[in-house]
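Coordinate analysis (summary)
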Amino acid sequence: MTRPADDHILPDVLQPGLALVFCGTAAGKRSAAEGAYYAHPGNLFWRALAEVGLTPHRYPAEEFPRLAELGIGFTDLAKFHSGNDSELPRDAFDVPALRAKIERYAPRWLAFTSKHGAKAALGRAITGYGEQPERIGTTRVFVLPSPSGQARGHWSIGPWQELAGRVRGD
């Protein structure tokens with residue numbers, strides 16, 4: 001699915017002073033249809049945020065803009081395409097645009113919600129979850145296991161707990 005250049009599938013939630021920005025690859029079909037990040041009921045994202053204490057309770061996906069009040073933002077690598085990663089065109093990921101946004105807004109942390117997204121953005125294979133040696137501007141980079149139901153075989157809450165502790169400064 002392609003849209004005009006001024007009409008992102010999901011809007012960024014970015015502003016100065018954020019503690020954490022989550023970056024996915026592209027909106028899934030359900031997320032695109034509902035206009036909300038991580039909207040599929042099989043996606044563990046919203047449950048994980050509450051479980052690790054990044055949010056005080058489990059938010060419904062449609063309330064994603066409210067997380068900016070908690071210091072949490074959102075973006076993705078493919079702003080004009082939706083679907084599974086295997087369905088996206090080769091040029092769907094706009095890494096220069098992501099880097100420019102992160103350098104502009106300078107959140108403390110950028111967390112990729114998959115190794116695939118991190119690999120595309122960092123330009124190298126990702127061997128493990130957790131903090132990465134690269135920074136984007138002053139922003140520290142973290143890689144999480146995908147919360148997608150399609151990636152359930154790779155799911156672990158551990159890296160999410162580690163990220164929450166780092167964001168809180170534990």
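So, a few notes on the structure that sits alongside this text. (Residues numbered from 1 in each chain as written. Predicted model: local features only at pLDDT ≥ 70, side-chain atom pairs only at ≥ 80, totals over all residues. Heavy atoms only, no water.)

1. Observations concerning the sheet that holds strand 2 (residues 72-82)
Taken together, the five strands give an open sheet; going across it, the order is 2-1-3-5-4, and neighbouring strands pair in mixed fashion. Both edges of this open sheet fall to strand 2 and strand 4 (130-136), since each of them pairs with a single strand only. Going across the sheet, the axis of each strand differs from the next one's by a mean of 25°, ignoring polarity. Relative to strand 5 (residues 139-143), strand 3 (residues 109-112) runs parallel, the two sharing four bridges. Its bridge partner lying in strand 5, L110 is registered against V141. (Pairing = 2+ DSSP bridges. Helix = DSSP H or I, 4+ residues; strand = E, 2+ residues; numbered from the N terminus. Axes fitted to C-alpha atoms, helices over the stretch in contact; angles between N-to-C directions.)

2. What about helix 5 (residues 158-168)?
All of the buried residues along helix 5 are P159, W160, L163, A164, G165 and V167. Next to the buried residues of helix 5 lie strand 1 (20-27), helix 2 (45-51), strand 3 and strand 5. Trailing helix 5 by a residue or two, G169 shows a phi angle of about 85°, which is positive. (Buried < 20%, exposed > 50% of the residue type's maximum accessible area, 1.4 Å probe, protein only. Contact = heavy atoms within 4.5 Å.)

3. Section: the packing of aromatic side chains
This model, assessed by the stated rule, comprises 14 aromatic pairs. A centroid spacing of 5.9 Å and a plane angle of 40° characterise the contact between W46 and F74, whose relative ring orientation is tilted. Remark: F74 occurs in strand 2 and W46 occurs in helix 2; sequence separation between them is 28 residues. Take W46 and F74: they sit in the same class, and that class is buried. (Phe/Tyr/Trp six-rings, centres within 6.5 Å; stacked < 30°, edge-to-face > 60°.)

4. Observations concerning the packing of helix 3 (residues 95-105) against helix 4 (residues 115-122)
Axis separation between helix 3 and helix 4 bottoms out at 9 Å; the angle between their running directions is 90°. Considered as vectors, helix 3 and helix 4 are oriented roughly perpendicular to each other. Every residue of helix 4 that contacts helix 3 at V95, L98 and R99 is listed here: A120, A121 and L122. Across the contact of helix 3 with helix 4, the residue classes tally to five nonpolar, no polar and one charged. (Parallel < 35°, antiparallel > 145°, perpendicular 65-115°, else oblique. Nonpolar A, V, L, I, M, F, W, Y, C, P; charged D, E, K, R; others polar.)

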